[in-house]
2 protein chains.
Amino acid sequence: MFTFVLKYKNLREVLMDQKLASLGDSFVNFIYSLVLSKRKEEPIGAKVDSRILSEALKKAGLRKLLPSRIDRHTQADAAEALIVYAWIQNIITMKESVNILEQHEDPVEAFCTLLLTTTKKLNLTDINL
Amino acid sequence: MFTFVLKYKNLREVLMDQKLASLGDSFVNFIYSLVLSKRKEEPIGAKVDSRILSEALKKAGLRKLLPSRIDRHTQADAAEALIVYAWIQNIITMKESVNILEQHEDPVEAFCTLLLTTTKKLNLTDINL
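Residues numbered from 1 in each chain as written. Chains lettered and ligands numbered in written order. Predicted model: local features only at pLDDT ≥ 70, side-chain atom pairs only at ≥ 80, totals over all residues.

Re the overall build of chain A
Check the secondary structure of chain A and you find six helices and zero strands. Element order for chain A, N to C, with α for helix and β for strand: α-α-α-α-α-α. The C-alpha radius of gyration of chain A comes to 14 Å, within 12% of the 14 Å expected for a compact globule of 129 residues. Along the first, second and third principal axes, the C-alpha atoms of chain A reach 40 × 35 × 25 Å. Counting over 129 residues, chain A shows a buried share of 43%. Taking as baseline every contact in chain A between residues at least 6 positions apart, the subset at least 24 positions apart corresponds to 66%. (Helix = DSSP H or I, 4+ residues; strand = E, 2+ residues; numbered from the N terminus. Rg over C-alpha atoms; globule rule 2.2 N^0.38 Å. Buried ≥ 20, exposed ≤ 12 C-beta atoms within 10 Å, placed from the backbone. Contact = placed C-beta atoms within 7 Å.)

Notes on the relation of the copies chain A and chain B
Taken as rigid bodies, chain A and chain B are interconverted by a rotation of 180° and an axial shift of 0.0 Å, the fit giving an RMSD of 0.0 Å. Read as a symmetry element, the transformation amounts to a two-fold axis. Most of the interface of chain A is mirrored in chain B: 100% of its interface residues are interface residues there too. (Least-squares fit on C-alpha atoms with pLDDT ≥ 70 in both.)

Focus on the interface of chain A and chain B
With 21 residues of chain A at the interface, the matching set in chain B holds 21 residues. Here the side of chain A that touches chain B is built from residues that sort into nine nonpolar, seven polar and five charged. (Nonpolar A, V, L, I, M, F, W, Y, C, P; charged D, E, K, R; others polar.)

Right, here's the structure in full:
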């Protein structure tokens with residue numbers, strides 16, 4: 001369906017793709033909005049703060065794959081890129097992503113677990129970046 | 001999954017729910033980003049302009065269900081609310097929504113067709129607002 005996902009040669013290329021991060025931003029905001037809507041039992045449209053995503057990236061041990069001199073927003077972009085990449089590649093469904101996120105009240109913990117699940121699943125697939 | 005969808009008694013209540021529109025905004029931006037990403041063969045994160053959605057609402061004949069003195073943004077909100085309502089209620093899948101949108105180069109035409117498909121399907125279900 002999305003031919004562009006075939007071009008990435010390694011995980012670092014996924015994490016550093018700003019265009020993929022832009023699509024990922026849209027995906028991450030939507031799934032997090034679903035999580036909050038379920039939790040509060042009313043519809044909510046949310047935007048995930050870059051601080052949350054950059055912290056989650058660090059906690060998941062993925063920060064070290066990126067150049068040292070990048071700012072918080074670029075770190076958050078990396079998390080967004082990886083999360084949407086996994087969804088596009090059918091490594092994780094939207095429902096699974098929402099299920100993982102809603103198990104953690106703390107959003108950093110929630111996104112860290114999603115990133116860890118994603119990287120673990122990536123290692124088990126042929127894609128193995 | 002989302003208990004709050006049960007509270008709407010008619011289509012007008014769906015169209016006028018600002019909170020539902022907020023979740024819908026997130027959904028609409030995501031599906032439209034997917035459409036553009038497929039079309040351009042590269043990842044794109046897009047935000048659908050309220051002018052497009054308000055025009056689509058008018059063209060689909062749904063504007064008349066709303067009070068006459070509402071602005072363009074509230075009209076766009078109504079479109080977003082209905083589109084995400086249909087997805088939450090399993091009246092239309094995300095894949096179907098993307099398929100409908102990508103058949104039309106013109107975004108107003110694309111969203112008008114999505115709204116028309118949605119209202120037609122609503123009329124065929126038990127939900128029948």
